[in-house]
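Commentary on secondary and tertiary structure
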Amino acid sequence: MVHYKLSYFPIRGAGEIARQILAFAGQEFEDNRIPKEEWPAIKPTTPFGQLPLLEVDGKVLAQSHAISRYLARQFGINGKCPWEEAQVNSVADQFKDYLNEVRPYFMAKMGFSDGDVEALAKDVFLPGFTKHYGFFANFLKSSGSGYLVGDSLTWVDLLVAQHTADLLAANASLLDAYPQFKAHQEKVHSNANIKKWLETRPVTPF
């Protein structure tokens, strides 16, 4: 039996979607959550000095999207054909652009950097959120299935649905202009294996 080990910090962050793909597949895996104080000693041993890392029978893969793409292909949620897979990757790459754009707001909000949180919310987060969720809304509309690409769940649905859930937990009215994403999040998180994971995973602030 293949042994999967996913190493990340004890938060959701960039490691969560890989965990959810494995949970969706019903695949047992070692959920290795590295305490902050142990990270400096581990960091030099990693390919790029960062987490997450996926180990598959001892072979190491770095970078969160590379890990998610690999696992999604292994477990059949990367799109049903090469074109769908490319579309999934396109949305995922755009989502990364979105996170980079709004990063100053979230870093300040979580206390990892200085900044006026209210000003950053108005000037950085809301414009970025509106622009990119508008892009993603076009994919939902085009698919007509309730999923972002094609007619079945893909890993990019997990990616966006988790972020939507986090946004709603912080501000329940934020997505009032995008009710389709509330429905999307509910649809994705109603999957039995995902629902079980969400109910039993360690509780973390982010």
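Residues numbered from 1 in each chain as written. Predicted model: local features only at pLDDT ≥ 70, side-chain atom pairs only at ≥ 80, totals over all residues. Heavy atoms only, no water.

If you look the protein chain up in an unreviewed UniProt entry, it shows as glutathione transferase from Caenorhabditis nigoni. Word for word, the UniProt comment on the protein chain under Sequence similarities (unreviewed entry) is "Belongs to the GST superfamily. Sigma family." (UniProt positions renumbered as here; feature names shortened; annotations may be inferred.)

So, the sheet that holds strand E4 (residues 59-62)
Across the sheet, four strands lie side by side as E2-E1-E3-E4; this open sheet has mixed pairing. Single-partner strands in this sheet number two, and they are strand E2 (30-33) and E4. Pairwise comparison of adjacent strand axes, ignoring direction, gives a mean angle of 20° for this sheet. Sheet topology places strand E3 (residues 53-56) next to E4; four bridges connect them, and they run antiparallel. Residue pairing in the sheet places Leu54 in a bridge with Leu61 of E4. (Pairing = 2+ DSSP bridges. Helix = DSSP H or I, 4+ residues; strand = E, 2+ residues; numbered from the N terminus. Axes fitted to C-alpha atoms, helices over the stretch in contact; angles between N-to-C directions.)

Focus: the layout of surface pockets
Roughly 1600 Å³ of volume is contained in the largest pocket. Along its surface, the largest pocket is lined by 48 residues, and Tyr8, Gly13, Ala14, Leu99 and Met110 are the ones closest to its centre. Among the elements of the structure, helix H1 (16-24), helix H3 (64-74), helix H4 (82-109), helix H5 (117-143) and helix H6 (155-170) are those that each provide at least two residues to the lining of the largest pocket. At ten residues, the largest contribution of residues to the lining of the largest pocket is made by H4. Considering only residue class, the lining of the largest pocket consists of 31 nonpolar, ten polar and seven charged. Residues from two domains meet in the lining of the largest pocket; each of domain 1 (4-76) and domain 2 (82-190) gives at least three. Its boundaries defined by the atoms lining it, the second largest pocket holds a volume of some 200 Å³. (1 Å grid on protein atoms, 1.4 Å probe; cavity = no way out; pocket = protein on both sides within 12 Å on 5 of 7 lines; lining within 4 Å. Points joined across faces, edges and corners; volume = space filled by probe spheres on them. Nonpolar A, V, L, I, M, F, W, Y, C, P; charged D, E, K, R; others polar. Domains from an automatic or database assignment.)

A few points about the packing of H5 against helix H7 (residues 179-188)
It is the contact of H5 with H7, at a shortest axis distance of 10 Å, that shows an interaxial angle of 65°. Viewed along their axes, H5 and H7 adopt a mutual orientation that is roughly perpendicular. Where H5 crosses over H7, the two elements pack in a sense that is left-handed. Of H7, the residues touching H5 (which contributes Tyr133, Phe136, Ala137 and Leu140) are Gln180, Phe181 and His184. Of the residues in the contact of H5 with H7, the class split is five nonpolar, two polar and no charged. (Parallel < 35°, antiparallel > 145°, perpendicular 65-115°, else oblique. Left-handed = near helix turned anticlockwise from the far one by under 90°. Contact = heavy atoms within 4.5 Å.)

Some thoughts on the UniProt feature "domain: GST C-terminal" (unreviewed entry) in the protein chain
UniProt's entry tags residues 81-206 with the feature "domain: GST C-terminal" (unreviewed entry), counted in the numbering of this structure. Between the first and last C-alpha atoms of residues 81-206 the distance is 33 Å; the span itself is 71% helix and 0% strand.

Some words on unusual backbone geometry
A cis amide bond, omega 10°, links Leu51 with the succeeding residue Pro52. Within the secondary structure, Pro52 is located in the loop between helix H2 (39-42) and E3. Here Asp57, not a glycine, exhibits a phi torsion of approximately 50°, which is positive. Residue placement: Asp57 occurs in the loop between E3 and E4.

Examining the pattern of salt bridges
Evaluation of the coordinates by the stated rule reveals twelve salt bridges. A salt bridge links Glu16 to Arg201, with the nearest nitrogen and oxygen atoms 2.8 Å apart. Here Arg201 lies in the segment after helix H8 (192-200) and Glu16 lies in helix H1, a separation of 185 residues in the sequence. Like Arg201, Glu16 is buried. A salt bridge links Asp31 to Arg19; its shortest N-O distance comes to 3.2 Å. Of the two residues, Asp31 sits in strand E2 while Arg19 sits in helix H1, which places them twelve residues apart along the sequence. Classification of Arg19 by relative accessible area gives buried; the value is 0%. Each of Glu16, Arg19, Asp31, Arg33 and Arg201 takes part in one network of salt bridges that share partners. (Salt bridge = Lys/Arg side-chain N within 4 Å of Asp/Glu carboxyl O. Buried < 20%, exposed > 50% of the residue type's maximum accessible area, 1.4 Å probe, protein only.)

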